[in-house]
Amino acid sequence: MPMIRAEDATKDYDVIIVGSGAGGGQMAFTLTLAGIKCLMLEAGRGYDPVAETPMFQRRDQAPLLGNSTPDKEFGFLDATVDGGWQMPAEPYTQASDKPEQQFWWWRARMMGGRTNHWGRISLRNGPYDFKPKSRDGLGLDWPVDYEDVEPYYTKVEQLIGVYGSNEGLENTPNSPDGVLQPPPKARAGELLAQKHGKTLGIPIIPIHRAVLTQTLDADRLPAVLFPGNAWAQKIVGDSMRARAACFWATPCGRGCSTGANYQSTTVHLPPALATGNLDIVANAHVREVLVGNNGKARGVLFVDKTTGQDVQVNANAVVLAASSGETVRIMLNSKSTLFPDGIANGSGLVGKYIMDTVGTSLQGQIPALENLPPYNEDGAGGSHFYAPWWLYQQAQALGFPRGYHIEMGATRGMPGGGNPLPDDLGNGAYGSRYKQEARRYYGSFMGFACRGEMIPNDNCFAELDNNVSDTWGIPVLKWHWQWAEHEQRMCDHAELTFRELIETMGGTVRSVTNGRNRIEPGGKIIHEVGGAIMGTAAATSVCNGYNQTWEVPNLFLVDGTPFPSNADKNPTLTIMALAWRAGDYLVDQSRRGLL
Ligand SMILES: Cc1cc2nc3c(=O)[nH]c(=O)nc-3n(C[C@H](O)[C@H](O)[C@H](O)COP(=O)(O)OP(=O)(O)OC[C@H]3O[C@@H](n4cnc5c(N)ncnc54)[C@H](O)[C@@H]3O)c2cc1C
Ligand code: SF4
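These figures come from a predicted structure and were not determined experimentally. By convention here, each chain's residues receive numbers from 1 onward along its written sequence. The order in which chains are written sets their letters, starting at A; the order in which ligands are written sets their numbers, starting at 1. Selection of residues for local features in this predicted model requires a pLDDT of at least 70, selection of side-chain atom pairs for listing and counting requires 80 or more, and totals for whole chains, interfaces and linings are taken over all residues. Side-chain metrics in this entry use all non-hydrogen atoms of the structure; hydrogen atoms and water are not considered.

A. How the structure looks around the overall build of the chain. Helix and strand assignments come from DSSP, with helices taken as H or I runs of at least 4 residues and strands as E runs of at least 2, each series counted from the N terminus. Looking only at helices and strands, the chain has 15 helices and 20 strands in total. For a compact globule of 595 residues, the expected C-alpha radius of gyration is about 25 Å, and the chain comes in at 23 Å, within 12% of that figure. Along the first, second and third principal axes, the C-alpha set of the chain runs to 75 × 50 × 45 Å. Should any heavy atoms of two residues lie within 4.5 Å, those residues are counted as being in contact. The long-range fraction of contacts in the chain, counting pairs at least 24 apart against all pairs at least 6 apart in sequence, stands at 73%. As defined in this context, the radius of gyration uses C-alpha atoms, and a globule is described by 2.2 Å times the residue total to the power 0.38.

B. Representation of the UniProt feature "domain: Glucose-methanol-choline oxidoreductase N-terminal" (unreviewed entry) in the chain in the model. As recorded in UniProt, the feature "domain: Glucose-methanol-choline oxidoreductase N-terminal" (unreviewed entry) lies at residues 252-334. Along residues 252-334 the backbone is 25% helical and 39% strand, and the end-to-end C-alpha distance reaches 37 Å. UniProt positions are given in the numbering used here, feature names are shortened, and annotations may be inferred rather than shown by experiment.

C. Region of interest: the site of ligand 1. Close to ligand 1 lie 37 residues; Glu-42, Arg-114, Gly-119, Glu-326 and Thr-572 are nearest. Two N or O atoms count as a polar contact when they lie within 3.5 Å, although within protein this holds only if one can serve as hydrogen donor and the other as acceptor, and sequence-adjacent residues are included solely when both atoms are side-chain atoms. In this structure, Glu-326 approaches ligand 1 through a side-chain N or O atom, which is 3.4 Å from a nitrogen atom. All accessibility values rest on the Shrake-Rupley procedure with a 1.4 Å probe; residue burial counts only the protein chains present in the view. Alone, ligand 1 offers 990 Å² of accessible surface; in the complex the protein occludes 96% of this. Broken down by secondary-structure element, the contributors of at least two residues to the shell around ligand 1 are α1 (22-33), β8 (284-291), α10 (324-333) and α15 (572-591). Considering every element that reaches the shell around ligand 1, the biggest residue donor is β8, with three residues. Distances are taken per atom, and a residue is near a molecule or strand as soon as one of its heavy atoms is within 4 Å of it.

D. Region of the structure containing the packing of α1 against helix α8 (residues 230-241). Lines fitted to the C-alpha atoms define the axes, with helices restricted to the stretch that makes contact. Angles between their N-to-C directions range from 0 to 180 degrees. Put simply, α1 and α8 touch, their axes get as near as 10 Å, and they point 145 degrees apart. Here Phe-29, Thr-32 and Leu-33 of α1 lie close against α8, whose contacting residues are Trp-231, Ala-232, Ile-235 and Val-236. Here the residues of the contact of α1 with α8 sort into six nonpolar, one polar and no charged. When residue character is reported, Ala, Val, Leu, Ile, Met, Phe, Trp, Tyr, Cys and Pro are called nonpolar, Asp, Glu, Lys and Arg charged, and the others, Gly included, polar.

E. Fine view of the site of ligand 2. Taken together, 13 residues lie around ligand 2, and Cys-246, Phe-247, Thr-250, Cys-252 and Cys-256 are the ones closest in. Within the shell around ligand 2, the residues separate by chemical class into eight nonpolar, five polar and no charged.

F. View of the pattern of salt bridges. The salt bridge definition used is simple: a Lys or Arg side-chain nitrogen within 4 Å of an Asp or Glu carboxyl oxygen. Following the criterion strictly, the structure yields 36 salt bridges and no others. Note that Asp-279 and Lys-11 form a salt bridge whose closest N and O atoms lie 3.7 Å from each other. Placement of Asp-279 in strand β7 (residues 278-281) and of Lys-11 in the segment before β1 (13-18) is noted, with a sequence separation of 268 residues between them. Each residue is placed in one exposure class: buried if its accessible area under a 1.4 Å probe, protein chains only, is under 20% of its type's maximum, exposed if it is over 50%, and partly exposed if it falls in between. On the accessibility criterion, Asp-279 (18% relative accessible area) is buried. For Lys-11, a relative accessible area of 43% puts it in the partly exposed group. Ionic pairing is found between Lys-155 and Asp-584, a salt bridge with its closest N-O pair at 3.7 Å. Of the two residues, Lys-155 is situated in helix α5 (residues 146-160) and Asp-584 in helix α15; the sequence distance between them amounts to 429 residues. Sharing partners across several salt bridges, the network here consists of Glu-90, Arg-109, Glu-326, Arg-329 and Asp-470.

G. Layout of the packing of α1 against helix α9 (residues 264-274). α9 packs onto α1 with a crossing angle of 25 degrees between their chain directions and a minimal axis gap of 8 Å. Classified by the angle between their axes, α1 and α9 sit roughly parallel to one another. Like other packed secondary-structure pairs, α1 and α9 cross with a definite hand, here left-handed. Residues Ala-22, Gly-25, Gln-26, Ala-28, Phe-29 and Thr-32 of α1 pack against Ser-264, His-268, Leu-269, Pro-271 and Ala-272 of α9. Of the residues assigned to the contact of α1 with α9, the class counts are six nonpolar, five polar and no charged. Should an angle lie under 35 degrees it is considered roughly parallel, over 145 roughly antiparallel, and from 65 to 115 roughly perpendicular; all remaining angles are considered oblique. Handedness of a crossing follows from how the near helix is turned relative to the far one, being left-handed for an anticlockwise turn of less than a right angle and right-handed for a clockwise one.

H. Broad picture of the sheet that holds strand β17 (residues 475-480). Strands qualify as paired when DSSP identifies two bridges or more between them. Strand order in the open sheet formed by three strands is β4-β17-β16, with mixed pairing between adjacent strands. Whereas interior strands pair on both sides, the edge strands pair on one side only; in this sheet they are β4 (93-94) and β16 (461-469). Relative to β17, β16 runs antiparallel, the two sharing six bridges. Looking at β17, one finds that Leu-464 is bridged to Leu-477. The strands touched by α10 within the sheet are β16 and β17, with β17 carrying the most contacts at an inclination of about 120 degrees.

I. Structural view of the pairing of strand β2 (residues 38-41). Residues Cys-38 and Met-40 point to one face of β2 and Leu-39 and Leu-41 to the other, with burial holding for every one of them. In this structure, β1 lies alongside β2, joined through four bridges in parallel fashion. Across the sheet, Ile-17 pairs through a bridge with Met-40, a residue of β2. Read from β1 through α1 to β2, the crossover connection turns out right-handed. Sheet topology note: the β2/β7 ladder contains four bridges and is parallel. Here is how to tell: hold the view so the strands point away, follow the path from the first strand over the helix to the second, and if it runs clockwise the crossover is right-handed.

J. Structural view of the packing of aromatic side chains. Centre distance within 6.5 Å is the pairing criterion for rings of Phe, Tyr and Trp, where only the six-membered ring of Trp is used; planes under 30 degrees apart are then read as stacked, over 60 as edge-to-face, and the remainder as tilted. Overall, the coordinates contain 24 aromatic pairs when judged by the stated rule. Seen from their ring centres, Phe-29 and Phe-226 are 6.0 Å apart, and the 55 degrees between their planes marks the pair as tilted. Of this pair, Phe-29 sits in helix α1 while Phe-226 sits in the loop between α7 (221-225) and α8, placing them 197 residues apart in sequence. You'll find Phe-29 and Phe-226 in the same group, each marked buried. Of the aromatic side chains, those joined through ring pairs into one cluster are Tyr-92, Phe-103, Trp-105, Trp-479, Trp-481 and Trp-483. Positioned above the aromatic ring of Phe-461, the side-chain terminus of Lys-352 is 5.6 Å from the ring centre. Either the NZ atom of lysine or the CZ atom of arginine qualifies as a charge over a ring when it sits within 6 Å of the ring centre and within 35 degrees of the ring normal. Its end group placed over the ring of Trp-104, Lys-524 keeps NZ or CZ at 4.6 Å from the ring centre.

Here it is in structure tokens:
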């Protein structure tokens, strides 16, 4: 991937974009195709998804058969070349010693950020999700409606390619006809869950994931996305033609060198670079946003990690897309006489209202899935089916206000390196009997996971820890965290539901649950959003409905920071839709001389 050196980023750019993941990638795509000269700064190293993706390696070709290690939580062959729960050069601290009041912060430091390895579950927020406070009086409403974001959901789905179906369920939006790609068929376990889910009133339907089940229509879509712009159509068409359809055989978490699934490095950055309007500097760890006497952002100061030197770069506008926590950190560290508490932080709200997704899970063993004949059920590396939240009308009776969706795992894909036969089921089997028992049980386990909405609360926030700095002398983040009773009750309900589902399927629950500790720690689902929320007024929010900070009109935040709520829908599709919308707005404002 062509990149420039830090010392060559000397010209004045139109826009500096910090971060190359979902938000930064989308912004670079939108702006460069509108003719805007951009500089992207990425703290991680460059990454070539074609040359570096180990998607065809077998487990036996990797140390420890490719299994997880403390350093490689998602397995040795995982696409994330640098990052994880802990990064020695960039620590973080906790305000409390109590584990339940701590936040797990997962970061990727590489070109493309977390998009090289994410679940690719791509759900639209529904109309209720943008106005949660209006529905039940809790949390915060967004300053935008579903209708404002809908055209951008459609554009993003058309660009990245999302499979799924339109089911017309409550607060689970359909996409316009012809936008979604056909979903893969359900796996055996998913079909069984669907059948028994019906008796319990739980709708189990195709999930939406950013994986191509067929090649993109490169002759038609570019004209839909860029009407009347032959130049943009050619670039985007060429990029679409370079992507293959999924061939259903390799784990998506290793990345996808064929471009069949969405990664910023295969979908957003190549066309942005092809415009000739994008320079990228890797290993560029942004320290702060610089402000001019006029109160506007004038550039960025970053550490060139290859030399340890600070480098200043200048632009007419700055876009932060470093992921929620890191954008908060950069903003709080951008202190000046005009902004002594951090840039655009006159409200004091930068760092406040950070949210994650509510997570809990339960596993079961299902005899009906035992002894299935071996057949190729690999499919796309992730779920094919899921259950959207189905009890919107019963919130009062349930005792918790918001919903969760159910993700499920059931597969007879390539076995991993671990023991395929749990000791308690194996009963000491040995030799040919061991093989027989392993074949019997393999693929008969199913996991059900709750992914639920958290309501923002005053106890969940991040601030600078002025006693601890990272390797480059930048204060680190200190996390404060506390789940509320709403989220705990949601997990109680999810556990009962999963138990009922497993037992209705004729199975038995296997995992041990642990009372109130069943809720995953904050951050563990890796969906952190919030920290610089959007709203209708400068006193009560950090940015407006176009991701533009109220106080610094040429500073935009296009990762999860502006989210005032975190619906049960996984956040990344919404990050991209809002980033595209913010990009169009930035171009419009800039052309009118308003930035
Ligand atoms: C295992 C896993 C599974 C997931 N599954 C899903 C899913 O199924 N669906 C879903 O919607 N979401 C999922 N997510 C979350 C999803 O990856 C994120 O929501 C999304 O990537 C956020 O995009 P972003 O642009 O804000 O941040 P990122 O993609 O993390 O990109 C941020 C980039 O900014 C860079 N950066 C950070 N600090 C600085 C700095 N100071 N200077 C310069 N650059 C900096 C980082 O190195 C990084 O490359 C998953 C994440 C993980 C890890
Ligand atoms: S399963 Fe499909 S989308 Fe996933 S890595 Fe393999 S080819 Fe790519």
